[in-house]
Amino acid sequence: MPDQQPIIRVENLTCAYGPVVVLKEVSFDVQAGEVFVILGGSGCGKSTLLRHMIGLERPSTGRIWLDGTELTATEGAARQALMRTFGVAYQSGALFGSLSVLDNVLLPLIEFTTLDAAARNVVARLKLRQVGLEAYADYMPAALSGGMQKRAAIARALALDPRILFLDEPSAGLDPVTGAELDALIKRLASTLKLTFVVVTHELASIFAIADRALMLDKSAKGVIALDTPQTLRDHPPSAPVRRFFNRETE
Amino acid sequence: MSQATLNAENDVMTIAGRLDAAGAAGIWPAARAARASRVDASGIDYCDGAGAALLFELIQRGAKIDGLADGYATLLAELQPDQPLSTAPAPAHEPWVARLGGITAAVLASLRDRVSFIGDITIAVKTLLISPRRFRLGAAVQIAGSAGADALPIVALISFLLGVILAFQSAIPMKQFGAELFVANLVGLGLVRELSPLMTAVLLAGRTGAAFAAELGTMKTNQEIDALTTMGLEPMRFLVLPRLVAVTLMTPLLSVLAEVIGLFGGGLVLLTLDIPLKTAFAQVTQTVALTDYLGGLAKSAIFGFGIAAIGCWRGLRTGSGAQAVGEAATKAVVTSLVFLVVTDGLFALAYYYLGW
């Protein structure tokens, strides 16, 4: 896919909080339809990178393009419209506690589509069916387990059929069977809808199950230390930190 | 980017174009009304989740989809179109007797919970008296700072205005009788016996009681209270007692400040009526007895204790979620205000019979 226009481009991204530099001159491309995994140890800046890619934080320097539009140079209504073209499922689920699971999925459909109420209901319930939560549509988020909340969050992120889906630690806290089902769902959505996934995760099993390419960040390097298919990274690790990560070795 | 189109002829419906949320929204009502038994989907060049949901509904209505491109057919098959969607169960209609019973049971449980909370406080205070070194003095001082010292500006402003308004409003009719001097008596007694303790307590209920409920409520939803409990640190001793002690001691002090500033405000109004501050002050000291002053302070301390206890109680009984925290803070303020009014009435009655 290298000849295609990348759907996400990150160029020389530097993120610093005061004197603390978290990421320094990070550059990479994500191709359309790809499942792109961001991995690395705790505190290496995975979540920081994700927060910049979804526009929650402004980089100190550097630029980010999403689907051909420069996120870092877009403001106001155009920025909001750009942010609606992708979906995000947060680590904790971040469901609205005052709305039922179904209403959480319905909210973006009510706000941003012209579907009538009956049609919206079908769309939302099918999203819940896709993540295996159809029977829990009328539950309040607080009544769901942590894993269920994550799946509900993915259903909500899928509501507007985005082209890019960002998932922050989707399989953390799930049992292996549910985690594997979620991985299968990600693969299916990527192949049938040509969705692009950017997934932050630690789970090795999940990385091998879903990732087309994996980008590895490192705390001491403050940036990218490897970018390749997970199989290549495991079999031919370019550096010691990568080898340790894939072989679960201690320092 | 062609929009979705729909043609219904005889028993065959032809859907073509781009079937995304906008496209599906445009043809959905017509598709629902058409009642065709066969759908020709070969002209669909894009179909996402919303489009697949439309085709799903048509299958549910008995139609057969033909000619859908393979990738989209897979997507549709994943939605299991042969399985009907589960619908929300109709809310059960309870007879009014059952609802009344439910409300009564909830009110009784809440009353019982209040009594047991007071019991818990009593036990914690007893433990504190036996081993006073376990009291978290540092935390109590910090809370006293935020509940007491930080409240000084707002208490001062409100008391000053209260004194000015009280003096001004009473001076107008009093002047008709040439009794301006007695405005000092009115302001003095009113502030010391009633208004300063009550106004300070109302401010504290809005400021500190709500803060306690929100703070403990958030701790509860974050499982911090659970963490304390499993570490063997009773929330009662660790969180509630320092708050109770700090606010119970701070409220009378704030009340005294409110009285002084209120009297000063009243004095300024009297100054404009050519009554010197010294005269006004002498008048107040003649009228206001020590029992009035001490009665006001005792009342203040009880108000403070109640506000802190209600704030903590509402916080510890918070449900989960952001909404529950907001609800806890609101209920803390409302319960505190009801408590203040009722307690103030009881004090008025008690002081009347005591002849104070």
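Not measured: the values here are computed from a predicted model. (Residues numbered from 1 in each chain as written. Chains lettered and ligands numbered in written order. Predicted model: local features only at pLDDT ≥ 70, side-chain atom pairs only at ≥ 80, totals over all residues.)

Here we come to the overall build of chain B. Per the secondary structure count, chain B includes twelve helices and four strands. For 356 residues, the compact-globule formula gives about 21 Å, and the C-alpha radius of gyration of chain B, at 34 Å, lies well above that figure. In terms of overall dimensions, chain B has C-alpha extents of about 100 × 60 × 45 Å along its principal axes. Looking at chain B as a whole, 38% of its 356 residues qualify as buried. (Helix = DSSP H or I, 4+ residues; strand = E, 2+ residues; numbered from the N terminus. Rg over C-alpha atoms; globule rule 2.2 N^0.38 Å. Buried ≥ 20, exposed ≤ 12 C-beta atoms within 10 Å, placed from the backbone.)

Further remarks concern the overall build of chain A. Helix and strand counts for chain A come out as nine helices and ten strands. Its C-alpha atoms give chain A a radius of gyration of 18 Å, within 12% of the compact-globule value 18 Å for 251 residues. Overall, chain A is about 55 × 40 × 40 Å in size when its C-alpha atoms are taken along their principal axes. A burial count over chain A gives 48% of its 251 residues as buried.

Moving on, we come to the packing of helix H4 (residues 96-130) of chain B against helix H9 (residues 235-272) of chain B. Residues and elements named next belong to chain B. Put simply, H4 and H9 touch, their axes get as near as 10 Å, and they point 90° apart. As the angle between them shows, H4 and H9 are arranged roughly perpendicular. Here Asp120, Ile121, Ala124, Thr127 and Leu128 of H4 lie close against H9, whose contacting residues are Met236, Arg237, Val240, Leu241 and Leu244. (Axes fitted to C-alpha atoms, helices over the stretch in contact; angles between N-to-C directions. Parallel < 35°, antiparallel > 145°, perpendicular 65-115°, else oblique. Contact = placed C-beta atoms within 7 Å.)

All right, on to the interface of chain B and chain A then. Taken together, the contacts link 26 residues of chain B with 24 residues of chain A. Contributions of two or more residues to the side of chain B that touches chain A are made by helix H1 (21-34), helix H2 (49-60), helix H3 (70-78) and helix H12 (322-354) of chain B. Ranked by residues supplied to the side of chain B that touches chain A, first place goes to H1 of chain B with six residues. Looking at the side of chain B that touches chain A residue by residue, the classes come out as 14 nonpolar, eight polar and four charged. (Nonpolar A, V, L, I, M, F, W, Y, C, P; charged D, E, K, R; others polar.)

This part takes up the nonpolar core. In this structure, Val37, Phe166, Val198 and Met216 of chain A together with Ala24 of chain B are the most contacted members of the largest nonpolar core, which totals 110 residues. Judged by nonpolar contacts, the second largest core, of 60 residues, contains Val155, Leu166, Phe212 and Leu263 of chain B. (Core = buried A, V, L, I, M, F, W, Y, C linked by C-beta atoms within 7 Å.)

Before going further, it helps to spend a moment on the sheet that holds strand E3 (residues 38-47) of chain B. Residues and elements named next belong to chain B. Read across the open sheet, the four strands follow the order E1-E2-E3-E4; overall the sheet is mixed. What marks the edges here is a single partner per strand, and that holds for strand E1 (5-9) and strand E4 (64-66). Looking at each pair of strands side by side, their axes are set apart by 20° on average, direction ignored. (Pairing = 2+ DSSP bridges.)

Now for the pairing of strand E10 (residues 223-228) of chain A. Residues and elements named next belong to chain A. Pairing of strand E9 (residues 213-218) with E10, which is carried by five bridges, proceeds in the antiparallel orientation. Its bridge partner lying in E10, Ala214 is registered against Asp228. Linking two consecutive strands that pair antiparallel, namely E9 and E10, is a turn of four residues; a positive phi of about 55° is found at Lys222 within it.

All names here are of chain A. With respect to the element layout, Val35 can be found in strand E3 (residues 35-39). Residue class for Val35 comes out buried when judged on the 25 C-beta atoms lying within 10 Å of it. If we skip the residues at most four places from it in the chain, Val35 touches Ile186, Ala190, Phe197, Val199, Ile210, Ala211 and Asp212.

Let us now look at the domain arrangement of chain B. As assigned here, chain B comprises domain 1 (5-78) and domain 2 (116-354). Distance between the C-alpha centres of domain 1 of chain B and domain 2 of chain B: 67 Å. (Domains from an automatic or database assignment.)

Attention now moves to the sheet that holds E9 of chain A. Residues and elements named next belong to chain A. The six strands are arranged E6-E7-E8-E3-E9-E10 in an open sheet whose pairing can be described as mixed. Both edges of this open sheet fall to strand E6 (86-89) and E10, since each of them pairs with a single strand only. Here the average twist between neighbouring strands, direction ignored, is 15°. The sheet contact formed by strand E7 (residues 164-168) and strand E8 (residues 196-200) spans five bridges and is parallel. The partner of Asp168 across the bridge, within E8, is Val200.

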